[in-house]
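A closer look at the structure
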Amino acid sequence: MLAEFATTPLQFDAPFSGELFLLGRILFGATLAFMGLNHFMDLETMAGYAEFKGLPAPKFSVIASGAVLVLGGVAVVAGAFPVVAAGALAFFLLVSAVTMHDFWSMDDPEEKQNEMTSFLKNVYGAGAALALLAVGGTAWPYAVGVGLF
């Protein structure tokens, strides 16, 4: 028989918890939004890398992924559509970790290390996005408070 676990609603009543949650959102969302801007500022190079990795429609893939990163990152910072933003970011980061950063197929040790670092960065970013997704249906402090759920 499985034990039952009681859960309490998410509360931000500890000192500075709302401010720390906002700071975490800013650090996470702004970093991803900046990464997305890089997709647009270095489109040709990134499209070439996407093509090298075998992505279909590499230029479109770079533009679409840049849009997900910018819009998702800004939405997390603002606290707008948190479920959609966090879910889209988690999905993108997990998919790109596996498709773009396949360190296990690299022979060159330096290349392998670079890809593993990028893979792990995407995985821990996806973990943070999933944590935000888990609390996306609750009221966030210092948020615009618009969403679908």
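Residues numbered from 1 in each chain as written. Predicted model: local features only at pLDDT ≥ 70, side-chain atom pairs only at ≥ 80, totals over all residues. Heavy atoms only, no water.

**So, the overall build of the chain**
Formally: Secondary structure elements follow DSSP: runs of H or I no shorter than four residues count as helices, runs of E no shorter than two count as strands, and numbering proceeds from the N terminus. Only protein chains enter the accessibility calculation, which uses a 1.4 Å probe. A residue is then buried if its area is under 20% of the maximum for its type, exposed if over 50%, and partly exposed in between. Note on definitions: a residue-residue contact is assigned when non-hydrogen atoms from the two residues lie within 4.5 Å. Where accessible areas are quoted, they stem from the Shrake-Rupley method and a 1.4 Å probe; at the residue level, only the protein chains shown are allowed to cover.
A tally of helices and strands in the chain yields five helices and zero strands. Overall, the chain is about 50 × 40 × 25 Å in size when its C-alpha atoms are taken along their principal axes. Among the 149 residues that make up the chain, the fraction classed as buried is 36%. Partitioning the intrachain contacts of the chain with sequence separation of at least 6 by distance along the chain shows that 69% fall at a separation of at least 24. A total accessible area of about 9,200 Å² is found for the chain, and carbon and sulfur atoms account for 71% of it.

**Here's the deal with the pattern of salt bridges**
Here is the rule we go by: By convention in these notes, a salt bridge is any Lys or Arg side-chain nitrogen within 4 Å of a carboxyl oxygen on Asp or Glu.
Within the structure shown, the criterion is met by three salt bridges. Between Lys53 and Asp102 there is a salt bridge, and its shortest N-O distance comes to 2.6 Å. Of this pair, Lys53 sits in the loop between helix 2 (43–52) and helix 3 (58–78) while Asp102 sits in the loop between helix 4 (82–100) and helix 5 (109–134); the two residues are 49 residues apart in sequence, bridging distant segments of the chain. For Asp102, a relative accessible area of 17% gives the class buried. In this structure, Glu115 and Lys53 form a salt bridge, with 3.8 Å as the shortest nitrogen-oxygen distance. On the criterion of sequence distance, the pair formed by Glu115 in helix 5 and Lys53 in the loop between helix 2 and helix 3 is long-range, its members being 62 residues apart. No difference in accessibility class separates Glu115 from Lys53, as the two residues are buried. Several salt bridges converge on common partners, so that one network encompasses Lys53, Asp102 and Glu115.

**A word on a nonpolar patch on the surface**
Selection rule: Patches were defined on residues exceeding 30% relative accessible area and lacking a salt bridge, with like-charge contacts within 9 Å and nonpolar side-chain contacts (Val, Leu, Ile, Met, Phe, Trp, Tyr) within 5 Å.
A cluster of nonpolar side chains, Phe81, Val84, Val144, Val146, Leu148 and Phe149, forms an exposed patch at the surface whose accessible area comes to about 610 Å². Checked against the element boundaries, Leu148 lands in the segment after helix 5. Its relative accessible area of 61% is what places Leu148 among the exposed residues.

**A few points about helix 3**
To keep things clear, this is the line we draw: One fewer than the residue count of a helix, multiplied by 1.5 Å, yields its expected span.
The end-to-end C-alpha separation of helix 3 is 30 Å, in line with the 30 Å expected for 21 residues at 1.5 Å each. Along helix 3, the residues classified as buried are Pro58, Ser61, Val62, Ser65, Gly66, Leu69, Val70, Gly72, Gly73, Ala75 and Val76. Buried residues along helix 3 sit in contact with helix 1 (17–41), helix 2, helix 4 and helix 5. Downstream of helix 3 by one or two residues, Gly79 has phi in the positive range, about 75 degrees.

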